[in-house]
Each structure stands twice: as structure tokens, then as C-alpha cells.
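Breakdown of the fold
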Amino acid sequence: MSRDHSHLFSDLTPLQQDLVYELRQNSARAVMLHQLVSEKLGLNATDHKCLDFLNRTGPVTAGQLAELTGLTTGAVTNVIDRLEQAGYVVRDKDPKDRRRVVVKPAEGSSSRISPQFESIMQSTLQILSRYDEEQTRLILEFIRLCNDMTLAEMEKMKNQP
């Protein structure tokens, strides 16, 4: 596939065009990687990534998980149902408000997932070691801005007919 994106991104410098190309590559490969991991775990990719959010945040309500992921509350309810049926999460009463239900990872669910990511984490740490603190801060800022943009674009899409 050609790396020439001038017909699509004529205002960008060649370096910026290369970066956009690599971002698209990264996005596509990340989706494919997580699809493969999901298959190994007996999940679909959306369920797997929602479980990742839960493992990082701890117990949340379905509404909070929808906000974190950018998914609709209806979609999140279906995700939680599937994850609960597969034994990855449990619904529990909120200790702060017994009327609310929170979703949390089931005991031992992270030990079913962690082995899939050990090599990936080691490889990521090797890549990170190539950058000094200032460069890492710049990369972190870029990634955070991309994440914010992605959520904003998801909101736009949800509000379009």
C-alpha cells in the first residue's frame, strides 16, 4: 500500500502524513490484536475492552462504564450481561448506596487475562526505555489528546442520525 497520502492530506507535511498513516496502522493492528486476545478468552473485542476498563477502575455502575467507554448504556448493559455469563464480572450492591448496582471483576478473572499480556508489556517497556523523560511526556500528551479526540468523535457519531 502506498504511503503517499497527499491526495487526502494535502495540507500536511510529509512527516505529518507519515504520522497519520502510522496512527491508522497502529489503530488497525490494535483492533486485530485485541480481537485475537478476545477470541482466546472466549469474548468479543468490545467485551474484552470493557473488562479492561473495569480491571483498571474497579467497581462502577453501568452508567459510569458507558461514560468511560463512550458506549451507549444499552450496549453496556449487554456487555455486562455477557461478561457476567462468562464469569468475568459480577453485579453487586454499591456499598455507598445499596439501591445502586455496581459491576466489578469476578475473583480470579484478571489471572485468566494477565498471561495474554505479559509479552506485550515487556515489549512495550523495551520501547519506552528508548525515550527520555521529556520525550515520554510529549508522547503521553499526544496519546491523551488522541484519546480525548476519540471520545469526542464517538459522542458526535452517537448524536448523528
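Residues numbered from 1 in each chain as written. Predicted model: local features only at pLDDT ≥ 70, side-chain atom pairs only at ≥ 80, totals over all residues. Heavy atoms only, no water.

From N to C terminus, the protein chain includes 7 helices and 2 strands. Taken from the N to the C terminus, the helices and strands of the protein chain come in the order α-α-α-α-β-β-α-α-α. The principal-axis extent of the C-alpha atoms belonging to the protein chain is close to 55 × 40 × 30 Å. The proportion of buried residues among the 161 residues of the protein chain is 20%. Surface exposure of the protein chain reaches about 11700 Å², of which carbon and sulfur atoms provide 55%. Charge separation in the protein chain, taken as the distance between the mean sites of 20 positive and 22 negative side-chain charges, equals 6 Å. (Helix = DSSP H or I, 4+ residues; strand = E, 2+ residues; numbered from the N terminus. Buried < 20%, exposed > 50% of the residue type's maximum accessible area, 1.4 Å probe, protein only. Areas by Shrake-Rupley, 256 points an atom, 1.4 Å probe, with all protein chains shown as cover. Lys, Arg positive; Asp, Glu negative; His and termini not counted. Charge placed at Lys NZ, Arg CZ, Asp CG, Glu CD.)

This part covers the packing of helix 1 (residues 14-41) against helix 2 (residues 45-57). Two elements in contact, helix 1 and helix 2, have axes separated by 8 Å at closest approach and are oriented at 90°. The angle between the axes of helix 1 and helix 2 places the two elements in the roughly perpendicular class. The segment helix 1 lies against helix 2, with His-34, Gln-35, Val-37, Ser-38 and Leu-41 engaging Ala-45, His-48 and Lys-49. Its residues placed into classes, the contact of helix 1 with helix 2 shows 3 nonpolar, 4 polar and 1 charged. (Axes fitted to C-alpha atoms, helices over the stretch in contact; angles between N-to-C directions. Parallel < 35°, antiparallel > 145°, perpendicular 65-115°, else oblique. Contact = heavy atoms within 4.5 Å. Nonpolar A, V, L, I, M, F, W, Y, C, P; charged D, E, K, R; others polar.)

Here we take up the packing of helix 3 (residues 62-69) against helix 4 (residues 73-85). For the pair helix 3 and helix 4, interaxial distance at closest approach is 9 Å and the crossing angle is 110°. If you check the angle between helix 3 and helix 4, you find them roughly perpendicular. When you trace helix 3 past helix 4, the crossing you get is right-handed. Each of Ala-62, Gly-63, Leu-65, Ala-66 and Thr-69 in helix 3 lies in contact with helix 4, whose residues at this interface are Thr-73, Val-76 and Ile-80. Taken together, the residues of the contact of helix 3 with helix 4 sort by class into 5 nonpolar, 3 polar and no charged. (Left-handed = near helix turned anticlockwise from the far one by under 90°.)

The grouping of Leu-19, Leu-23, Ile-127, Tyr-131, Ile-139, Phe-142 and Ile-143 at the surface amounts to a nonpolar patch, some 580 Å² of accessible area in total. When contributions to the nonpolar patch are tallied by element, the ones reaching two or more residues are helix 1 and helix 7 (133-158). Looking at which element gives the most residues to the nonpolar patch, the answer is helix 7, with 3 residues. Its location among the elements puts Leu-23 in helix 1. (Patch = residues over 30% accessible without salt bridge, like charges linked within 9 Å, V, L, I, M, F, W, Y side chains within 5 Å. Salt bridge = Lys/Arg side-chain N within 4 Å of Asp/Glu carboxyl O.)

Another aspect to go through is helix 3. Listing the buried residues of helix 3 in full gives Leu-65, Ala-66 and Thr-69. Seen from one end, helix 3 has its buried residues packed into an arc of 105°, which puts them on one side. Structurally, helix 3 contributes buried residues whose contacts are with helix 2, helix 4 and helix 7. Positive phi shows up at Gly-70, right after helix 3, with a value of about 85°. (Arc of directions from axis to C-beta.)

To continue, consider the packing of aromatic side chains. Describing an aromatic ring pair means giving the distance of the ring centres and the angle of the ring planes. Enumeration over the complete set of coordinates arrives at 0 aromatic pairs. When the ring centre of Phe-53 is taken as reference, the NZ or CZ atom of Arg-56 above it lies at 4.9 Å. Just above the ring of Tyr-88 sits the side chain of Arg-112; from NZ or CZ to the centre is 3.9 Å. (Phe/Tyr/Trp six-rings, centres within 6.5 Å; stacked < 30°, edge-to-face > 60°. Lys NZ or Arg CZ within 6 Å of the ring centre and 35° of its normal.)

What is shown is where atoms sit, not what they do.
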